[in-house]
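Summary of structural features
So the chains spell out like this:
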Amino acid sequence: MEWRTVLENLEAQLARLQAAGINYLNIEPDPELARMLNDAAHEAGAVTPDEPAAGHGAAFAQSTEVSAGVATQDAIDAPVTPGTQPRSEPQSKAAAAGQIHPSEFKTLDSLQEYFRDCRNCGLCAGRSRVVFGEGHAHPIILFVGEGPGQEEDRQGLPFVGRAGTLLTQGIRALGLAREDIYIANIVKCRPPGNRNPQPEEMAACLPILQRQIELLDPKVIVTLGNVPLKTFNPRARGITQARGHPFGYREWQILPTFHPAYLLRNPNGLDPWWSDLKQALVLANTAATRGAE
Ligand code: URA
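This section reports on the structure supplied with the text. (Residues numbered from 1 in each chain as written. Predicted model: local features only at pLDDT ≥ 70, side-chain atom pairs only at ≥ 80, totals over all residues. Heavy atoms only, no water.)

All chains considered together, the criterion is met by ten salt bridges. Between R195 and E201 there is a salt bridge whose closest N-O contact spans 2.8 Å. A residue is classified by how much of its surface remains accessible, and E201, at 6% relative accessible area, is buried. We note a salt bridge from E214 to R211, for which the minimum N-O separation is 2.7 Å. One end of the pair is E214 and the other is R211, both in helix α9 (residues 199–216) and three residues apart, which spans about a single turn. With relative accessibility at 23%, the residue E214 sits in the partly exposed group. A residue is classified by how much of its surface remains accessible, and R211, at 12% relative accessible area, is buried. When salt bridges with common partners are traced through the structure, they connect R211, E214, R250 and E251 into a single cluster. (Salt bridge = Lys/Arg side-chain N within 4 Å of Asp/Glu carboxyl O. Buried < 20%, exposed > 50% of the residue type's maximum accessible area, 1.4 Å probe, protein only. Helix = DSSP H or I, 4+ residues; strand = E, 2+ residues; numbered from the N terminus.)

Here you go:
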């Protein structure tokens, strides 16, 4: 069957499921579909043939959130797959400057070292330190926040301010330590005045996060707040609706939940947050068991 027909059928099927109120599916990746979609992406010029095979199509086939429309799935894939990203200004500059792409680094340490003095976007002007991330080299949970705040910028470590204290308490309540998990952010440098990161700043930084995810290979990814949720799934409903509903990103499951800074202002969210953290542990254990079989 021609790939365009496969896509149309798939879209129609997803729309039917969505109309029936089914929003999440657990689908096994279909290698044949992934191959066809990868070919289609190459054909459309979204991925250059010399870029890694785990491109557009593979991620499409492995995304498990039910959502009608190719654009949605494009969007899920786009921000974190270097080959499918629109060439943003900072990335073009980086490429023009002959920089090594994050996907080429074989270890987390070498990736961190290379981007220690990153100048790929304007955030470098106001930061004190790049906050690369911290934790276990193969964590059970990878938490992804938005971007460093003032204290993180000062120490060069993620989630060490007030929101970090709450996150650490949640981790401990699960019976884990910060050393068992990994914490990273969408952008590695503090946005001035703690504003939300801009699209071009996120686009410049996301290939680093994507490589972190590949190298860390966590059992589950927990996104904190709206910014990382929308980064992985731009068509997701707001965090209040989306929290607690896992979706697939390539070979990983992502569980969105509230950002701890939000919980400091809205303690009503603590109960659902705690239930999400417990769910994350269950998902991680399931993935670990599956991996051990
Ligand atoms: N908020 C974030 O999103 N990340 C941090 O590292 C700290 C606070």
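Back to the text.
The mixed open sheet is built from six strands, whose spatial order is β1-β3-β2-β4-β6-β5. Here the strands that pair on one side only, and so sit at the sheet edges, are β1 (134–135) and β5 (247–249). The pairing of β5 with strand β6 (residues 252–257) spans three bridges and is classified as antiparallel. Residue pairing in the sheet places G248 in a bridge with Q253 of β6. (Pairing = 2+ DSSP bridges.)

For β6, a buried count of five out of six residues is recorded, marking the element as mostly surrounded by other parts of the structure. Between β5 and β6, which pair antiparallel one after the other, the connecting turn spans two residues, and R250 there sits at a positive phi close to 50°.

Time to look at the packing of helix α8 (residues 162–173) against helix α13 (residues 270–292). Where α8 meets α13, the axes come as close as 10 Å, and the angle between the chain directions of the two elements is 50°. On the basis of the axis angle, α8 is oblique to α13. Classified by chirality, the crossing of α13 by α8 is right-handed. On the side of α8, the interface is formed by L166, L167, G170 and A173, while α13 contributes L270, W273, W274 and L277. A class-by-class count of the residues in the contact of α8 with α13 yields seven nonpolar, one polar and no charged. (Axes fitted to C-alpha atoms, helices over the stretch in contact; angles between N-to-C directions. Parallel < 35°, antiparallel > 145°, perpendicular 65-115°, else oblique. Left-handed = near helix turned anticlockwise from the far one by under 90°. Contact = heavy atoms within 4.5 Å. Nonpolar A, V, L, I, M, F, W, Y, C, P; charged D, E, K, R; others polar.)

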